[in-house]
Amino acid sequence: MFNYVLVLGFGRIAEVLYIPWLIQLKSKIIICEKDVGRHTYIKKIVPNVEVSDYIPVAPQSYHGIALNLTPVFAHESTNRELLEKGWNVFSEKLAANSSTAWAELLSIAKQNNCTIVSAPVSANQTEEDRMLLDIRNESLGEIVEVHCQFIGGGPARRGFIQVQREWMLKNEDALRVDLAPYLLTPVVKAFGAIKEVIWMSNRYYPDVVVENTDRIIKPEYGSSEVGIGVINHSIATFLVSYRPNVKDVTTKIEIIGTKKGSCYDLSEKVSEGVHSFNRVQAALELLKECIEEERVYQNHQQVVSNVISCIKGE
């Protein structure tokens, strides 16, 4: 599918999900990790892969892509540098910190003849397709309310948090940015723009041990958030929550109509700790489709813009 794949950031998601899939492809893989202290570890578990601490200029071919797997707070600046250096980009988290910044990234991409797409892709496309079919067939009647929830163990699900993931408990909207796109994206794709979203946080600040240190930190902005907004004349709610004692991730969307209601389980199916590679394949296919089909790319741009506006309360 692609001749060159540049992987930005070697965190957990790269190690357990993206790299195992990518090494099966006949592509040249370059891992860019700015923390040179991790290079020895990377080379040990991913032999025969080039490792760099800087972003190289892209090859002169659309068959070269970059997967931005860096921490959320670094995504926008990293995406900007990638586009300026000619890469087609898949941003694994929120691509920009505002809809205005997203528009700027799109402008840079156009100037450099590049494409940028933003996650998430569906972790359960079959269930999402069922939801879309019900809506299009109007089998639920007129939509009255949409209630969504994403509950997962979060970065401290094993009873501690790694040093490189501390930011997830320190940034004001990190929880929302981490989880809410998995709810907002399918809803925006199904119904169109969500408006007037307001977010509220809980006041639960449990102690969290930092791995391999004697430090204990707290989630500075709570461990759960609820957003409420409007879709056409319907009410939409979005619950996102880190709950360390929860074994599996739960991603659900409940739609209530005038005829009946229905619930859709969009959770990723993980078997004995092994992730499905569907998300990785879907990410590459989305990028390829947006490169080749302008109509798809334009629609994706609008969806991402609204998701960012909802998360940032614009």
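The rules behind each value
- Residues numbered from 1 in each chain as written.
- Predicted model: local features only at pLDDT ≥ 70, side-chain atom pairs only at ≥ 80, totals over all residues.
- Heavy atoms only, no water.
- 1 Å grid on protein atoms, 1.4 Å probe; cavity = no way out; pocket = protein on both sides within 12 Å on 5 of 7 lines; lining within 4 Å.
- Points joined across faces, edges and corners; volume = space filled by probe spheres on them.
- Helix = DSSP H or I, 4+ residues; strand = E, 2+ residues; numbered from the N terminus.
- Pairing = 2+ DSSP bridges.
- Axes fitted to C-alpha atoms, helices over the stretch in contact; angles between N-to-C directions.
- Contact = heavy atoms within 4.5 Å.
- Nonpolar A, V, L, I, M, F, W, Y, C, P; charged D, E, K, R; others polar.
- pLDDT = per-residue confidence, 0-100.
- Buried < 20%, exposed > 50% of the residue type's maximum accessible area, 1.4 Å probe, protein only.
- Left-handed = near helix turned anticlockwise from the far one by under 90°.

A short note on the layout of surface pockets
Alright, step 1. Its boundaries defined by the atoms lining it, the second largest pocket holds a volume of some 660 Å³.
Alright, step 2. Lining of the second largest pocket is provided by 24 residues; of these, Lys-189, Leu-286, Glu-289, Val-296 and His-300 occupy positions nearest its centre.
Alright, step 3. Elements represented by at least two residues in the lining of the second largest pocket include exactly α5 (125-137), α7 (181-191), α8 (278-292) and α9 (294-312).
Alright, step 4. Ranked by residues supplied to the lining of the second largest pocket, first place goes to α9 with seven residues.

Thoughts on the sheet that holds strand β5 (residues 88-91)
Alright, step 1. With parallel pairing, six strands are arranged side by side in an open sheet as β3-β2-β1-β4-β5-β6. Of all strands in the sheet, those with a lone pairing partner are β3 (50-52) and β6 (116-118), marking the two edges. Mean inter-strand twist for the sheet, computed between neighbouring axes without regard to direction, equals 20°.
Alright, step 2. As judged from the three bridges shared by strand β2 (residues 28-32) and β3, these two strands associate in the parallel manner. When the bridges of β3 are listed, Cys-32 appears paired with Ser-52.
Alright, step 3. Its contacts with the sheet put α8 on β4 (64-68), β5 and β6, and the angle it makes with β5 is roughly 140°.

A few points about empty space enclosed by the protein
Alright, step 1. Scanning all chains against the criterion turns up two cavities of 30 Å³ or more.
Alright, step 2. As a volume, the largest cavity reaches approximately 90 Å³.
Alright, step 3. Lining the largest cavity are 15 residues, with Met-168, Asn-171, Leu-175, Tyr-221 and Gly-222 sitting closest to its centre.
Alright, step 4. Residues of the lining of the largest cavity, tallied by class, amount to seven nonpolar, four polar and four charged.
Alright, step 5. A volume near 40 Å³ is recorded for the second largest cavity.
Alright, step 6. Considering the residues around the second largest cavity, the lining is formed by Glu-92, Lys-93, Leu-94, Ala-119, Pro-120, Val-177, Asp-178, Pro-181 and Tyr-182.
Alright, step 7. Only α6 (174-179) and α7 provide two or more residues apiece to the lining of the second largest cavity.

Remarks on the confidence of the model for the chain
Alright, step 1. Summarising the model, the chain shows a mean pLDDT of 89, and 96% of its residues fall at 70 or more.
Alright, step 2. Here strand β8 (residues 160-161) stands out as the element of the chain with the lowest mean pLDDT, 82, in contrast to helix α4 (residues 99-111), whose mean of 97 is the highest.

Re α7
Alright, step 1. Counting buried positions along α7 gives ten out of eleven residues, so the element sits mostly inside the fold.
Alright, step 2. Taken from the residues just after α7, Gly-192 is the one with a positive phi, measuring 100°.

What about the packing of α8 against α9?
Alright, step 1. The N-to-C vectors of α8 and α9 enclose an angle of 115°; their axes lie 5 Å apart at closest approach. Crossing handedness for the pair α8 and α9: left-handed. Between α8 and α9, the contacting residues are Leu-286, Glu-289, Cys-290 and Glu-292 on the first element and Glu-294, Val-296, Tyr-297 and His-300 on the second.
Alright, step 2. When grouped by side-chain class, the residues that make up the contact of α8 with α9 number four nonpolar, one polar and three charged.

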